[in-house]
Amino acid sequence: MLGPVILAASRSDKMRRLVSAAPVTKPVVDRFIPGETVDQVIPIVRELTGKGLEVTLDVVGEDITTPEQATAARDAYLRLVERLAPLGLGTGAEMSVKLSMFGQSLDGGHELALANVRPVVEAAAEIGTTVTLDAEDHTTLDSMFAIHEELRKDFPQTGCVIQAYLFRTEDDARRLAANGSRVRLVKGAYKEPASVAYQDKAEIDKAYVRILKILMAGEGYPMIGSHDPRLIAVTQELARRHGRKLDEYEFQMLYGIRSEEHVRLAAEGHRMRVYTAYGTDWYGYFMRRLAEKPANLLFFVRSMITKN
């Protein structure tokens, strides 16, 4: 019941001010977002990859209102590529981007977002890594998938994200589960109406498994975005059933959540990628992390009670 309330709060300027001003906010946010600058996050990349983990890096920020902000977002990712290059990690350190941050919601936004994201994808390819296009609310997805298809003409390794709670996603998964594709499956973290998305957690979980079966039976490369032990176990069973080797799929989890599980899966030989966000515009990302899992909200509230 709290999830929709928190998602609504993620769009509230008043709540943004209240949460940002709370004295306990920063140490709690630091659990999920380890830095505000690329200089702060590069040591985190070294630490994680030193443990046998892989990373995907997200420069947080999606409420873009001007073309100049979209250009600045592009340049932030290009600076990230420059800093990753000397590390020589290849696909061990990829990037995740939200097209809204590249101007997708502005006038002419589809073309603007494509023009801004292409140099990032090109630069990533030059250092041997990849970019994944994150899924946002359902109104943006046709544009995202079209940009994904266009980018894959020159950079077939470009990935995309699909969300289990949307009714459309099973069809999207069938279309995307092709040779060479890279698809991250998540449950979904935006407030969506009942006309387009499942609202019940059990129904979302069932949809996740149905879609996971499609991806694992396909010819692409599934990326399983989940912290749920049951879904991890289902993934491993489906991988065995379809004869997938350990390097033919991967797990992805958020920085700061179930960190011991990250290391355990990597030690078993799985590809385990940690979704690591950084930047100053952290509020929307942080609130969606709270909405996704009650334990995250309890962690935040407990910290507030303890500190006050």
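Predicted model only: the values in this text are computed from it and were never measured.

The rules behind these values
- Residues numbered from 1 in each chain as written.
- Predicted model: local features only at pLDDT ≥ 70, side-chain atom pairs only at ≥ 80, totals over all residues.
- Heavy atoms only, no water.
- Axes fitted to C-alpha atoms, helices over the stretch in contact; angles between N-to-C directions.
- Helix = DSSP H or I, 4+ residues; strand = E, 2+ residues; numbered from the N terminus.
- Parallel < 35°, antiparallel > 145°, perpendicular 65-115°, else oblique.
- Left-handed = near helix turned anticlockwise from the far one by under 90°.
- Contact = heavy atoms within 4.5 Å.
- Nonpolar A, V, L, I, M, F, W, Y, C, P; charged D, E, K, R; others polar.
- Buried < 20%, exposed > 50% of the residue type's maximum accessible area, 1.4 Å probe, protein only.
- Pairing = 2+ DSSP bridges.
- Arc of directions from axis to C-beta.
- Expected span 1.5 Å × (residues − 1).

With that settled, consider the packing of helix α4 (residues 38–50) against helix α5 (residues 67–84). Put simply, α4 and α5 touch, their axes get as near as 11 Å, and they point 45° apart. With respect to α5, the axis of α4 lies oblique. The handedness of the crossing between α4 and α5 is right-handed. Here Val38, Asp39, Ile42 and Val45 of α4 come into contact with α5, specifically with Leu80, Arg83 and Leu84. Tallied by class, the residues present in the contact of α4 with α5 amount to five nonpolar, no polar and two charged.

By the secondary structure assignment, arginine 184 is in strand β5 (residues 182–186). Exposure remark for arginine 184: the relative accessible area of 4% places this residue in the buried category. Excluding its chain neighbours within four sequence positions, the residues that come into contact with arginine 184 are Thr56, Glu94, Ser96, Thr132, Asp134, Cys160, Val161, Ile162, Met223, Gly225, Gln252 and Tyr275.

This part is about the sheet that holds strand β1 (residues 54–59). What the eight strands build is a closed barrel, ordered β1-β2-β3-β4-β5-β6-β7-β8; its pairing is parallel. Strand after strand, the sheet turns through a mean of 30° between neighbouring axes, direction not considered. Of the pairings in the sheet, the one linking β5 to strand β6 (residues 221–225) comprises four bridges and is parallel in character. Note on β6: the bridge partner recorded for leucine 185 is isoleucine 224. Here helix α9 (residues 201–217) sits on the sheet and contacts β4 (159–163), β5 and β6; the angle it forms with β5, its principal contact strand, is near 165°.

The next subject is unusual backbone geometry. Phi is positive for arginine 258, which is not a glycine, with a value near 55°. Along the polypeptide, arginine 258 turns up in the loop between β7 (250–254) and α11 (259–267). The class for arginine 258 is partly exposed, based on a relative accessible area of 28%.

Right, let's talk about helix α8 (residues 169–176) for a bit. All of the buried residues along α8 are Thr169, Glu170, Asp172, Ala173 and Leu176. On an axial view of α8, the arc spanned by its buried residues comes to 160°, and they lie on one face. Turned more than 90 degrees away from the buried face of α8, the exposed residues are Asp171 and Arg174. The elements touched by buried residues of α8 are α7 (141–154), β4, β5 and α9.

A few words now on α7. A rise of 1.5 Å per residue sets the reference length of α7, with its 14 residues, at 20 Å; its end C-alpha atoms lie 21 Å apart and thus fit the reference within 8%. Along α7, the positions that sit buried rather than exposed are Leu141, Ser143, Met144, Phe145, Ile147, His148 and Leu151. Where α7 is buried, its residues contact α6 (109–126), β3 (131–133), β4 and α8.

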